[in-house]
Amino acid sequence: MSLCMFYRNLNNNLLSKVSTIMAKRQSSDMTTFKEVLRSAKNVVILSGAGISAESGIPTFRGAGGLWRKYQATALATPGAFRENPSLVWEFYHYRREVAAKAQPNTGHLAIAKYEEKHATDKNITVITQNVDGLHARAGSKSLVELHGNLYKTRCTKCKEVLVNTDSPICEALAGKGAPDSAQIGSDIPVKSLPHCQKASCGGLLRPHIVWFGEGLEPEVLNKAEAAMSACDVCLVVGTSSVVYPAAMFAPQAAARGATVAEFNIEPTPATPEFHYYFEGPCGTVLPLVLSD
Ligand code: BJW
Ligand code: ZN
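Residues numbered from 1 in each chain as written. Chains lettered and ligands numbered in written order. Predicted model: local features only at pLDDT ≥ 70, side-chain atom pairs only at ≥ 80, totals over all residues. Heavy atoms only, no water.

An unreviewed UniProt entry lists the protein chain under the name NAD-dependent protein deacylase, from Plutella xylostella. Quoted verbatim from the Function (unreviewed entry) heading of the UniProt record, the comment on the protein chain is "NAD-dependent lysine demalonylase, desuccinylase and deglutarylase that specifically removes malonyl, succinyl and glutaryl groups on target proteins. Has weak NAD-dependent protein deacetylase activity; however this activity may not be physiologically relevant in vivo." In its Subcellular location (unreviewed entry) section, UniProt records this for the protein chain: "Mitochondrion". (UniProt positions renumbered as here; feature names shortened; annotations may be inferred.)

Have a look at this one:
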């Protein structure tokens, strides 16, 4: 059985089991959730693009998910990079510039303050699918970046991973990356794109980001899975819960008895699996939940 089929079967089984149990008793009562959270020892906050939406960073699915004529997810593949590294680098250059100018919002900050306040009485782990670095900039300490980071590069030849916050990342990308659909094609010569600085290597660099069809880094996945399997409460914040393996983390936690609360502006396919659902922008709702 392929890994895709495995995920799909596993999740379908989980969904049907858990939704039968949960559908009857989902709650949006903040007072009771805050009581549950107060007595929790191990807390995971699993975030997605929605938490950065209020910082002006487009989400993937929905209105903001287009760059030029491309779905953002269509450019986040190894095939797209092989076919046109210039186009993919323009896309990532644009996103690096947008994220660098963005500021963590009240949602990111509420999480970081909550971690600080409970540094001695709870184990709190933030697992994010986001690559924008805003949780770290807000002050989150125990952070797992599942899908990588916009400000890390990886050499396609020697595989070295480096932090790189240069703006622009190379001269040829200066002024490039405009998102409007009038821009056609992209033809920066490969030799002018970012390259490994090691004299013995000189390979083409790529963003250190997990693209579709690529496995997550084993250590990163292990960390996330360890936190998920130990948590007694999980907050699922601003994710459509459709991208695996992250999409199965919270349903699995709910299935083994952890309390799961979802925070989103609209229901997702996973909503029926969870004990609590809080509708609204997480920059407004999270501070209410995490403030005491
Ligand atoms: C708000 C809000 C506000 C808005 N307040 N809320 C079939 C079945 C199962 C699995 C697969 C399958 N076919 C393929 C797979 C595997 C594939 C996958 O999951 N595909 C699915 C689409 C079906 N997964 C992978 O390939 C992963 N690797 C893997 O599994 O390796 C093993 C393997 C290999 C080969 C084959 C099969 C398995 C890797 C996944 C990497 C994901 N990468 C991306 C791009 C990262 C790069 C980048 O950023 O450029 O990660 S895709 C994109 O989606 C990005 C995100 O991190 C990820 C999740 O998106 P997220 O965060 O949920 O964002 P949105 O936009 O979807 O949702 C935003 C939400 O916020 C919405 O719900 C809004 O309502 C809400 N919102 N404003 C609160 N203010
Ligand atoms: Zn190299």
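**Student:** Just to check I follow, could you spell out the coordination of the zinc ion (ligand 2) for this structure?
**Tutor:** The reference angle at a metal is 109.5 degrees if four donors form a tetrahedron and 90 or 180 degrees if six donors form an octahedron. Ligation of the zinc ion (ligand 2) by protein atoms is provided by C155 (SG), C158 (SG), C196 (SG) and C201 (SG), these donors lying 2.3 to 2.4 Å from the ion. Classification of the site at the zinc ion (ligand 2) rests on its four donor atoms, whose angles at the metal span 98 to 116°, yielding the label tetrahedral. Summarised as a motif, the one-chain spacing of the donors to the zinc ion (ligand 2) is C-x2-C-x37-C-x4-C. Placement of C155 in strand β6 (residues 148–155) and of C201 in the loop between β7 (161–163) and β8 (205–209) is noted, with a sequence separation of 46 residues between them. (Donors = N, O, S within 2.8 Å, 3.2 Å for Na, K, Ca; no water. Tetrahedral: all angles 85-135°; square planar, octahedral: opposite > 155°, others 65-115°. Helix = DSSP H or I, 4+ residues; strand = E, 2+ residues; numbered from the N terminus.)

**Student:** Looking at this structure, how should I read helix α11 (residues 282–290)?
**Tutor:** Counting along an α-helix, one turn takes 3.6 residues, and residues three or four places apart therefore face a common direction. Buried within α11 are the following residues: C282, G283, V285, L286, V289 and L290. Projected onto a plane normal to the axis of α11, the buried residues spread over an arc of 165° and lie on a single side. Against the buried residues of α11 lie α2 (30–39), α3 (50–53), α7 (106–117), β9 (233–237), β10 (259–264) and β11 (276–279). (Buried < 20%, exposed > 50% of the residue type's maximum accessible area, 1.4 Å probe, protein only. Arc of directions from axis to C-beta. Contact = heavy atoms within 4.5 Å.)

**Student:** Just to check I follow, could you spell out the side chain of E115 for this structure?
**Tutor:** If you trace the backbone, E115 turns up in helix α7. An unpaired buried charge is present at E115: no salt bridge exists, and K141, the closest side chain of opposite charge, is 7.1 Å distant. Polar contacts involving the side chain of E115 include one to the side chain of S140, which spans 2.5 Å. The residues touching E115, leaving out its near neighbours within four places in the chain, are I124, V126, S140, K141 and S142. (Lys, Arg positive; Asp, Glu negative; His and termini not counted. Salt bridge = Lys/Arg side-chain N within 4 Å of Asp/Glu carboxyl O. Polar contact = N/O pair within 3.5 Å; in protein donor to acceptor, adjacent residues only side chain to side chain.)

**Student:** Before we go on, may I ask you to explain the sheet that holds β7 in this structure?
**Tutor:** Paired through their backbone hydrogen bonds, the strands of a sheet run either parallel or antiparallel. The sheet built from three strands is open, its strands ordered β7-β6-β8 with antiparallel pairing. Of all the strands in the sheet, the pair left with one neighbour each is β7 and β8. For this sheet the average axis-to-axis angle between neighbouring strands, irrespective of direction, equals 45°. Bridge count between β6 and β8: four bridges; the pairing is antiparallel. Looking at the pairing, T153 lines up with P207 of β8. In the packing of helix α6 (residues 85–101) onto the sheet, the strands contacted are β6 and β8, and the crossing angle to β6 comes to about 140°. (Pairing = 2+ DSSP bridges. Axes fitted to C-alpha atoms, helices over the stretch in contact; angles between N-to-C directions.)

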